[in-house]
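Descriptive structure summary
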Amino acid sequence: MGFEIVVVVDGRGHLIGRLASTIAKQLLEGQRVVVVRCEMLNVSGSFYRNKLKYYAFLRKRMNSNPKRGPYHFRAPSKILWRTIRGMIPHKTKRGMEALNR
């Protein structure tokens, strides 16, 4: 296969879901991908609605001991990582290898 060693993607101005789906496909095919400027990614929809959705996501936690998860990452790079993880079968060997790239 004709892979480059590492593909560097500039995240500025991209929609987070569309970029994540493209990256997930590349990772599953065996390509290494690095995304820079994740803080400049866009989320479609109104700011208020996205804020409400994110706060609803933050409320989801373990009832008896919240330290056990789920963990809610705040960093833009980790938000993108979690979005990509949702598009990869990360519980299989193939998915774990793709996510480690």
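Residues numbered from 1 in each chain as written. Predicted model: local features only at pLDDT ≥ 70, side-chain atom pairs only at ≥ 80, totals over all residues. Heavy atoms only, no water.

**Topic: the overall build of the chain**
Helix and strand content of the chain: 4 helices and 2 strands. Helices and strands in the chain line up, N terminus first, as β-α-β-α-α-α. A separation threshold of at least 6 residues defines the contact pool for the chain, and within that pool the share at least 24 residues apart is 67%. Averaging the positions of the 21 positive and the 5 negative side-chain charges in the chain gives two centres separated by 17 Å. (Helix = DSSP H or I, 4+ residues; strand = E, 2+ residues; numbered from the N terminus. Contact = heavy atoms within 4.5 Å. Lys, Arg positive; Asp, Glu negative; His and termini not counted. Charge placed at Lys NZ, Arg CZ, Asp CG, Glu CD.)

**Structural notes on the pattern of salt bridges**
Counted under the stated rule, the structure contains 2 salt bridges. Residues Asp 10 and Arg 37 are paired through a salt bridge, measuring 2.7 Å at the closest nitrogen-oxygen approach. With Asp 10 in strand β1 (residues 7-10) and Arg 37 in the loop between β2 (33-36) and α2 (47-59), this pair connects stretches of sequence that are 27 residues apart. For Arg 37, a relative accessible area of 38% puts it in the partly exposed group. The partner of Lys 93 in a salt bridge is Glu 97, with the nearest N and O atoms 3.1 Å apart. Taken together, the positions of Lys 93 and Glu 97, both in helix α4 (residues 93-99) and 4 residues apart, correspond to about one turn of that helix. (Salt bridge = Lys/Arg side-chain N within 4 Å of Asp/Glu carboxyl O. Buried < 20%, exposed > 50% of the residue type's maximum accessible area, 1.4 Å probe, protein only.)

**So, a nonpolar patch on the surface**
Together, Ile 5, Val 6, Val 8, Val 34 and Val 36 make up an exposed nonpolar region whose accessible area comes to about 440 Å². One can find Ile 5 in the segment before β1. Of the residues examined, Ile 5 reaches a relative accessible area of 76% and is grouped as exposed. (Patch = residues over 30% accessible without salt bridge, like charges linked within 9 Å, V, L, I, M, F, W, Y side chains within 5 Å. Areas by Shrake-Rupley, 256 points an atom, 1.4 Å probe, with all protein chains shown as cover.)

**Structural notes on unusual backbone geometry**
Backbone torsion omega between Gly 69 and Pro 70 reads 5°, so that peptide bond is classified as cis. Secondary-structure assignment places Pro 70 in the loop between α2 and α3 (76-85).

**What about helix α1 (residues 16-29)?**
The end-to-end C-alpha distance of α1, which contains 14 residues, comes to 20 Å, matching closely the 20 Å that a straight helix rising 1.5 Å per residue would cover. Ile 16, Leu 19, Ala 20, Ile 23, Ala 24 and Leu 27 are the residues of α1 that are buried. Relative to the axis of α1, the buried residues are bounded by an arc of 135° and lie together on one face. For α1, the exposed residues set more than 90 degrees away from the buried face come down to Arg 18 and Lys 25. Note on α1: the residue one or two positions beyond its end, Gly 30, has a positive phi of about 110°. (Expected span 1.5 Å × (residues − 1). Arc of directions from axis to C-beta.)

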